[in-house]
Amino acid sequence: MLVALGAHTGWGAYPVFVRYLQTVSHLPSMSLLTAGYLLVLPVLAVVVLPRVDRSILRLRLLWLFAVIVVVRGITNLLAARYSWRSMCSSSP
C-alpha cells in the first residue's frame, strides 16, 4: 500500500517538478529526459539484464514497446512545457 501511495504521489507531482526544472532551472526538455534515462540505465544493466535471456531481444514486439515507452516519455515532458504556455497565453 505504501509503494502504491508513493507511486501515485510521484506520478501526480511529476508535472510540477518537470515544469519547475524547465522554467526556473532553465533545463531543456530533452536534457531532462536524457538525465532520467541515464539514472535508470546502470540499475537496469546491473540488476535486470543479467537475468534476461538474450534471445528475447530479437522480438520485434519488445522493440515496438521500447519505442512507445520512449515516445511516451518525450510527450510527457513536452506536454508539461506546452500546456502551461497555452494556459498562460489564453488567459484574458
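Position labels on residues start from 1 in each chain and follow its written sequence. In keeping with the predicted nature of the model, local features appear solely for residues at pLDDT of at least 70, side-chain atom pairs appear and are counted solely at 80 or more, and the whole-chain, interface and lining totals rest on all residues. No hydrogens and no water enter the side-chain calculation; it runs on all heavy atoms of the structure.

A.B. asks: Hey, could you go over the overall build of the protein for me, with residue numbers and the actual values?
C.D. replies: In terms of helices and strands, the protein carries 3 helices and 0 strands. Helix and strand assignments follow DSSP, with helices taken as H or I runs no shorter than four residues and strands as E runs no shorter than two, numbered in order from the N terminus. Ordered by position from N to C terminus, the α and β elements of the protein give α-α-α. Computed over its C-alpha atoms, the radius of gyration of the protein comes to 17 Å, more than 25% above the 12 Å expected for a compact globule of 92 residues. Along the longest, intermediate and shortest principal axes, the C-alpha atoms of the protein span 55 × 35 × 25 Å. Summary of the burial criterion: residues with accessible area below 20% of their type's maximum are buried, those above 50% are exposed, and those between are partly exposed, where the area comes from a 1.4 Å probe applied to protein chains only. Taken over 92 residues, the protein has a buried fraction of 11%. The contacts in the protein between residues at least 6 apart in sequence include a share of 80% that link residues at least 24 apart. Computed by Shrake-Rupley with a 1.4 Å probe, the accessible areas treat only the displayed protein chains as cover when residues are assessed. Total accessible area on the protein stands at roughly 7600 Å², and carbon and sulfur atoms take up 76% of it. We compute the radius of gyration from the C-alpha atoms alone; for a globule the expected value is 2.2 Å times N to the 0.38, where N is the number of residues. It only takes one pair of heavy atoms within 4.5 Å for two residues to be counted as in contact.

A.B. asks: Residue-level account of the packing of aromatic side chains, with values.
C.D. replies: Here is the rule: rings of Phe, Tyr and Trp (six-membered ring for Trp) pair when centre to centre is within 6.5 Å. Planes less than 30 degrees apart are stacked, more than 60 are edge-to-face, and the remainder are tilted. Applying the stated criterion across every chain yields a total of 1 aromatic pair. Plain terms: the ring middles of W11 and Y14 are 5.8 Å apart, the flat faces sit at 5 degrees to each other, and that makes the pair stacked. Note that W11 and Y14 are positioned in helix 1 (residues 2-23) at a spacing of 3 residues, about one turn of the helix.

A.B. asks: Could you give me a rundown of the nonpolar core, with the residues and numbers involved?
C.D. replies: Joining through side-chain atoms within 4.5 Å is the link that ties buried Ala, Val, Leu, Ile, Met, Phe, Trp, Tyr and Cys residues into a set, and such a set is a nonpolar core. If you look at the biggest cluster of nonpolar residues, it comprises 5 residues: V18, L32, L33, L77 and A80. Excluding its chain neighbours within four sequence positions, the residues that come into contact with L32 are V18, L21, Q22, L27 and L77.

A.B. asks: Give me the side chain of Q22: which residues, what numbers.
C.D. replies: Mapped onto the elements, Q22 comes out in helix 1. Relative accessible area serves as the criterion here: at 4%, Q22 is assigned to the buried category. Dropping the residues within four chain positions of it, Q22 is found in contact with L27, S29, L32, L77, A80 and R81.

A.B. asks: Please give an account of the confidence of the model for the protein that cites residues and values.
C.D. replies: Known as pLDDT, the predictor's confidence for each residue is given on a scale from 0 to 100. Predicted confidence across the protein gives a mean pLDDT of 85, with 90% of residues reaching 70 or more. When mean pLDDT is compared element by element in the protein, helix 2 (residues 29-48) scores highest at 89, while helix 3 (residues 60-90) scores lowest at 80.

A.B. asks: Please give an account of helix 2 that cites residues and values.
C.D. replies: Between its first and last C-alpha, helix 2 extends 27 Å over 20 residues, near the 28 Å set by a 1.5 Å rise per residue. Maximal helix bending in helix 2 amounts to about 25 degrees, located at V40; proline P42 follows within four positions. How far a helix is expected to stretch is found by multiplying one less than its residue total by 1.5 Å. One fitted axis covers the seven residues ending at a residue, a second covers the seven starting there, and the bend at that residue is the angle between these axes.

A.B. asks: Explain unusual backbone geometry to me, using residue names and the numbers behind them.
C.D. replies: Here the phi dihedral of H26 falls at roughly 55 degrees; this positive angle occurs in a residue that is not glycine. By the secondary structure assignment, H26 is in the loop between helix 1 and helix 2. Judged by relative accessible area, H26 falls into the exposed class, the value being 63%.

A.B. asks: Got a sec to walk through the environment of A45? Specific residues and values, please.
C.D. replies: Note on placement: A45 falls in helix 2. Of the residues examined, A45 reaches a relative accessible area of 39% and is grouped as partly exposed. The spatial distance from the C-alpha of A45 to the C-alpha of R81 is 31 Å, given a sequence separation of 36 residues.

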